[in-house]
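The residues making up each chain are set out below.
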Amino acid sequence: MHLITKPNWAISENKVIDEVTFLNRRNILASGLGLAMSGTFGNSLFASNSITSHITDASKNFKFTEMERKITDENISSKYNNFYEFGSTKYIAKEAEALETEGWTIKVDGLVEKPFKISVDKLITTMALEERIYRHRCVEAWSMVVPWTGFELSNLLKISKPLSSAKFIKFYTFYDPKVATEQKARWYPWPYTEGLTIEEASNPLSFLVVGAYGKILHKPFGAPIRLHLPWKYGFKSIKSIVRIEFTENRPISFWEELNPNEYGFWANVNPKVNHPRWSQERERVLGGAGETIPTKIFNGYGAEVAHLYKKLESSEGLRLYR
Ligand SMILES: Nc1nc2c(c(=O)[nH]1)N[C@H]1C(S)=C(S)[C@@H](COP(=O)(O)O)O[C@H]1N2
Ligand SMILES: [Mo]
């Protein structure tokens, strides 16, 4: 039992490198033989035309284009996922197709004027959608670059009308062990949860994602709606959200409950603060030829977010980066 509580990230660095190398090799082989898959997914078939067109018509936000790095091939990023609900390997894309995303709603409750439910379709059709190219840095030291379509979390905060006593937001993923079979594993604190301060959630970088690569979000990416917080380690970017709760106290998230020394509340990317079991100085580029590049503080988004943490440095110290 003790062993099994270790997340997959507990695997050695070498094994992680092997997996990425394997994946790259497989992809090179596939494209070389002209067998590269189209990268389209079945769930777009279920979406109504109007939902789809809101996503395909979203304007590009040129503040978030990527000059230095290449966008990760969709055929790679969509087949190498962390989505523990469907298994503890990276290859859960097929399993995730079992998730029923039609008619999905999000409950907004806790310290708000009035709790409410809102459908994802409604969010897609009423929020101003935009496409942003964001870098993603997993705590396991691999990274990718993805064009996400979505809207600023701050726009949902506005309609949520939090009370002044609300200081934090807790996000919840669905809980349905019949569909997500790994949720039968009782040693995990299901459902997956994550948390942010209201200040972090209000930052313009905090992005609710409903599409990727110009299409409706497919299931392995956390359909129909997931968060992306590009300056934090990937585990903060919670998938398939069903509930947003405003709280007074700092929530304890899924990974923090499992291993607080390794996966904390803040989890801001910092190459100088090592994971207890490996270095965070460099990252392996998903879909690259196995190369690593230097990791940047706040994953290169310091201009947008560093100010959030200035006054916390004395009290939180290195915990800001774990
Ligand atoms: N519900 C849920 N959200 C999750 C995870 C998960 O296992 N379950 N994994 C996290 C981790 S560790 C990472 S790196 C990213 C991976 O996102 P991707 O599969 O779209 O690359 O999702 C995050 N969100
Ligand atoms: Mo991750």
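Residues numbered from 1 in each chain as written. Chains lettered and ligands numbered in written order. Predicted model: local features only at pLDDT ≥ 70, side-chain atom pairs only at ≥ 80, totals over all residues. Heavy atoms only, no water.

### Quick look at the packing of aromatic side chains
So the rule is basically this: Stacked, tilted and edge-to-face are the three classes assigned to paired rings of Phe, Tyr and Trp, where Trp is represented by its six-membered ring and a pair needs centres within 6.5 Å; plane angles under 30 degrees give stacked, over 60 edge-to-face, the rest tilted. Per the convention used, a helix needs a DSSP run of H or I reaching at least four residues, while a strand needs a run of E reaching at least two, with both numbered from the N terminus. Exposed residues in this analysis have more than 50% of their type's maximum accessible area, buried residues have under 20%, and partly exposed residues fall in between, with area computed by a 1.4 Å probe over protein chains only. Geometrically, a charge over a ring is one whose NZ (Lys) or CZ (Arg) sits within 6 Å of the ring centre while staying within 35 degrees of the ring normal.
Applying the stated criterion to the full structure yields 26 aromatic pairs. When the centroid spacing of 6.4 Å and the interplanar angle of 85° are considered together, the rings of Tyr192 and Trp255 count as edge-to-face. One end of the pair, Tyr192, is in the loop between strand 6 (168-173) and strand 7 (193-197); the other, Trp255, is in helix 9 (residues 254-258), with 63 residues separating them in the sequence. No difference in accessibility class separates Tyr192 from Trp255, as the two residues are buried. Here the aromatic rings of Phe298 and Tyr321 are separated by 6.1 Å at their centres, their planes lie at 55°, and the arrangement is tilted. One end of the pair, Phe298, is in the loop between strand 13 (292-294) and helix 10 (302-305); the other, Tyr321, is in the segment after helix 11 (313-316), and 23 residues separate them in sequence. Across the pair, Tyr321 and Phe298 agree in class, each one buried. What links up through ring pairs into an aromatic cluster is the set Tyr84, Trp187, Tyr188, Trp190, Tyr192, Phe235, Phe254, Trp255 and Tyr263. Sitting over the ring of Tyr301, Arg135 keeps its end group 4.2 Å from the ring centre. In this structure, Arg243 is placed above the aromatic ring of Tyr172, and the distance from its NZ or CZ to the ring centre is 4.4 Å.

### A few points about empty space enclosed by the protein
Counted only if it meets this: Both site types are read off a 1 Å grid over the protein atoms alone. A 1.4 Å probe that fits but cannot get out defines a cavity, while an open set with protein on both sides within 12 Å along at least five of seven lines defines a pocket; lining residues have an atom within 4 Å of a point. Grid points are joined across faces, edges and corners, and a volume is the space filled by probe spheres set on the points. In the scheme used here, Gly and all other residues not listed as nonpolar or charged are polar, with Ala, Val, Leu, Ile, Met, Phe, Trp, Tyr, Cys and Pro taken as nonpolar and Asp, Glu, Lys and Arg as charged.
Across all of its chains, the model carries 4 cavities of 30 Å³ or more by this definition. Of the voids in this model, the largest cavity is the one considered here, and its volume is about 270 Å³. What lines the largest cavity is a set of 22 residues, and nearest its centre among them are Asn82, Arg226, Gly234, Ser237 and Lys239. Residues that form the lining of the largest cavity fall into these classes: 12 nonpolar, 7 polar and 3 charged.

### Points about the sheet that holds strand 3 (residues 116-119)
What counts here: For two strands to count as paired, DSSP must find a minimum of two bridges between them. The angle between two axes is taken between their N-to-C directions and runs from 0 to 180 degrees, where each axis is a line fitted to C-alpha atoms and a helix contributes only its stretch in contact.
Taken in spatial order, the 5 strands make up an open sheet running 3-2-11-6-7, and their pairing is mixed. Unpaired on one side and paired on the other, strand 3 and strand 7 mark the two borders of the sheet. In this sheet, adjacent strand axes meet at a mean angle of 20° when their direction is disregarded. Strand direction decides the pairing type here: strand 2 (residues 105-110) and strand 11 (residues 241-247), joined by 4 bridges, are parallel. Within strand 11, the residue paired with Val108 across the bridge is Ile244.

### A few points about the environment of Leu157
Selection criterion: By definition, residues are in contact when any of their heavy atoms lie within 4.5 Å.
Along the chain, Leu157 turns up in helix 7 (residues 153-160). With relative accessibility at 9%, the residue Leu157 sits in the buried group. Separated by 41 residues in sequence, Leu157 and Ile198 have C-alpha atoms that sit 8.7 Å apart. In contact with Leu157, other than residues within four places in its own chain, are Pro162, Ile169, Ile198, Ala201, Ser202 and Phe246.

### Some points on the pattern of salt bridges
Under the convention used in this document: For this analysis, a salt bridge means a side-chain nitrogen from Lys or Arg found within 4 Å of a carboxyl oxygen belonging to Asp or Glu.
For the coordinates displayed, the defined rule picks out 19 salt bridges. Taking the shortest distance from any N to any O, the salt bridge between Glu130 and Arg132 comes out at 2.8 Å. You can call Arg132 buried: its relative accessible area is 1%. Note that Glu313 is salt-bridged to Lys310, the shortest N-O span being 3.6 Å. Under the relative-accessibility criterion, Glu313 is labelled partly exposed at 36%. By relative accessible area, Lys310 is classed as exposed at 54%.

### A word on the site of ligand 1
Where we set the bar: Neighbouring residues are identified by heavy atoms, a residue being near a molecule or strand if any of them is within 4 Å of it. In the analysis that follows, any N or O atom pair within 3.5 Å is treated as a polar contact, provided that within protein one partner can donate a hydrogen and the other can accept it, and provided that, for residues neighboring in sequence, both atoms belong to side chains. All accessible areas in this document rest on Shrake-Rupley with a 1.4 Å probe, and a residue is counted as covered only by the protein chains that are shown.
What surrounds ligand 1 is a group of 19 residues, the closest being Asn81, Tyr84, Glu85, Ser237 and Lys239. Contacts to ligand 1 include Asn82, whose backbone N or O atom sits 3.2 Å from a nitrogen atom. Side-chain polar atom of Arg226 to an oxygen atom of ligand 1: 3.1 Å apart, as the coordinates give it. In isolation ligand 1 has 540 Å² of accessible area, and contact with the protein removes 100% of it. For the shell around ligand 1, the residue count by class is 10 nonpolar, 6 polar and 3 charged.

Any link to function would need more than the numbers given here.
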